[in-house]
Amino acid sequence: MSPKFLRIAVVLGLLSAIGPFAIDMYLPALPSIGADLHAGTAAVQMSLLIFFLSMGFGQIVVGPISDMVGRKLPLYGGLGLFMVGGIGSAMAPTIEWLIAFRFLQGLGASAGMAVPRAIVRDLHTGNEAAKLMSLLMLVFSVSPILAPLTGSQIIENFGWRAVFWTVTGAAALATILLATSLKETRPAEERVGSSFGTALAGYRFLMGDRNFLGLVAIAGFGIASFFVYLSSSSFILIDHYGLSPSVYSVFFSINAVAFIGMSQLTGLLAERFGLRRVVRVAVTGYASTMVVLLAIMATGVDRLDVMAALLFVGYGFLGLVIPTTSVLAMEEHGEIAGTASALMGTLHFAIGALAMGVAGVFFDGTPLPMVAGITLCAVISFTLAKVTLGRSREAVEAPAE
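Residues numbered from 1 in each chain as written. Predicted model: local features only at pLDDT ≥ 70, side-chain atom pairs only at ≥ 80, totals over all residues. Heavy atoms only, no water.

What counts, and what does not: UniProt positions are given in the numbering used here, feature names are shortened, and annotations may be inferred rather than shown by experiment.
Taking an unreviewed UniProt entry as the reference, the protein is identified by name as Bcr/CflA family efflux transporter belonging to Rhizobium loti. Under Sequence similarities (unreviewed entry), UniProt gives the following word-for-word description of the protein: "Belongs to the major facilitator superfamily. Bcr/CmlA family."

1. A short note on the packing of helix H16 (residues 304–330) against helix H17 (residues 337–362)
For clarity, the threshold we go by: For helices, the fitted axis covers only the stretch in contact; all axes are lines through C-alpha atoms, and the angles between them, taken along N-to-C directions, range from 0 to 180 degrees. What counts as a helix is a DSSP run of H or I of at least four residues, what counts as a strand is a run of E of at least two, and both are numbered from the N terminus. Angles below 35 degrees are treated as roughly parallel, those above 145 as roughly antiparallel, those between 65 and 115 as roughly perpendicular, and all remaining angles as oblique. Put simply, a crossing is left-handed when the front helix is turned counterclockwise from the back one by less than a right angle, and right-handed when it is turned clockwise. By the convention used here, residues are in contact when the closest approach between their heavy atoms is within 4.5 Å. Here the term charged refers only to Asp, Glu, Lys and Arg, the term nonpolar to Ala, Val, Leu, Ile, Met, Phe, Trp, Tyr, Cys and Pro, and the term polar to all other amino acids, Gly among them.
Look at H16 against H17: their axes get within 10 Å of each other, and the N-to-C directions meet at 140 degrees. The angle between the axes of H16 and H17 places the two elements in the oblique class. At the point where H16 passes H17, the crossing takes the right-handed sense. Contacts from Ser326, Ala329 and Met330 of H16 reach H17 at Ala337, Ala340, Ser341 and Met344. Taken together, the residues of the contact of H16 with H17 sort by class into five nonpolar, two polar and no charged.

2. Things to note about the pattern of salt bridges
This is how it is decided: Take a side-chain nitrogen of Lys or Arg and a carboxyl oxygen of Asp or Glu: if they are within 4 Å of each other, that pair is a salt bridge. To sort residues, take the accessible area from a 1.4 Å probe on protein chains only and compare it with the maximum for the residue type: under 20% means buried, over 50% means exposed, and anything in between is partly exposed.
Enumeration over the complete set of coordinates arrives at four salt bridges. A salt bridge links Arg71 to Asp67; its shortest N-O distance comes to 2.8 Å. The exposure classification of Arg71 matches that of Asp67, with both residues buried. In this structure, Asp67 engages Arg186 in a salt bridge whose closest nitrogen and oxygen atoms are separated by 3.9 Å.

3. What about the confidence of the model for the protein?
Put simply, the test is: For every residue, the predictor reports its confidence as pLDDT, a number between 0 and 100.
Residue-level pLDDT values for the protein average 84, and 91% of them are 70 or greater. Mean pLDDT per element in the protein: helix H19 (residues 391–395) is the minimum at 44, and helix H5 (residues 72–90) is the maximum at 95. Throughout residues 391–401 the model reports pLDDT below 50, and contacts reaching past four residues in sequence, or to other chains, amount to 24 contacts.

Next comes the structure, spelled out in structure tokens:
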């Protein structure tokens, strides 16, 4: 693996991680934000939900723009807007101001979510793309490992507002890396003919591509299951199970380790078995694990160690689903990679936001509604995989893909 390949993976991974970093790092602060700003749980969760929504739907615009003007300029604009939102969030006097600036911050983060996937497609397809995507996710996944740990330490020593100053500094660092370590991957001659009109045509085409939509939805409900966990876990683990913010951060990071470790096997497994078969096995394992967890907790077993063990196994399977489905969905859409990546990201976050909203309605301070929401998303993902990745498709797929 060449140094250039690794450098690109690191830079793209860091750009992709800026948005999730702004989520994971402040999760331990949700209870203290509510206390400091005199806001209820629903209002504090709204600051998380609005970030997801703006980060998701902002991709609809930034993706086609990256097809029209190149990949780097939208990234610069997104990072700048993210820093404005971060500074405003750090200085927010009320929960309403915090929600407003989190909306701006999410819009800025949308560029870091959509454009790196398009860059991967600019550079590679097939197994090479899967390898780059898995490496990107290795760097990207440092966020759910280090961000809660770092965030809890910052919160305990400097207060929750310092979290937003920190993520603003991370965005400034990402801007420097973008300027010095990444070349433009969509040259001017490839942008000819790209416009908002062609983007709309591209969206219409993609919305009629059942294979693309199926693959996006498989990953979307997998991601949604994690969003349900994100929105509820800090309240359940800190308030229900009595963990400190620091211990909660360690617990949260353990699941990320499973996700990262398995995602790094994507390239190897794809070469041996084919990407589609990897997806089918992974969603089956994920759904089965979550169904077992729900069945155990529905009988009245309320044990943190049981939940931790099965979530660890489940998120390991999920680590194989996300990079493989992303590569498969983008495979045939290189000419409109930015548009395809944008629609993919928006649908992912729309599904995730819907799942978070529904889970919030049933939240009662206990883990059972959260586990039920995670399981439902996993089962839907499994069902979609059965429909989208039927044996007829698998039979014509070469293992080396």
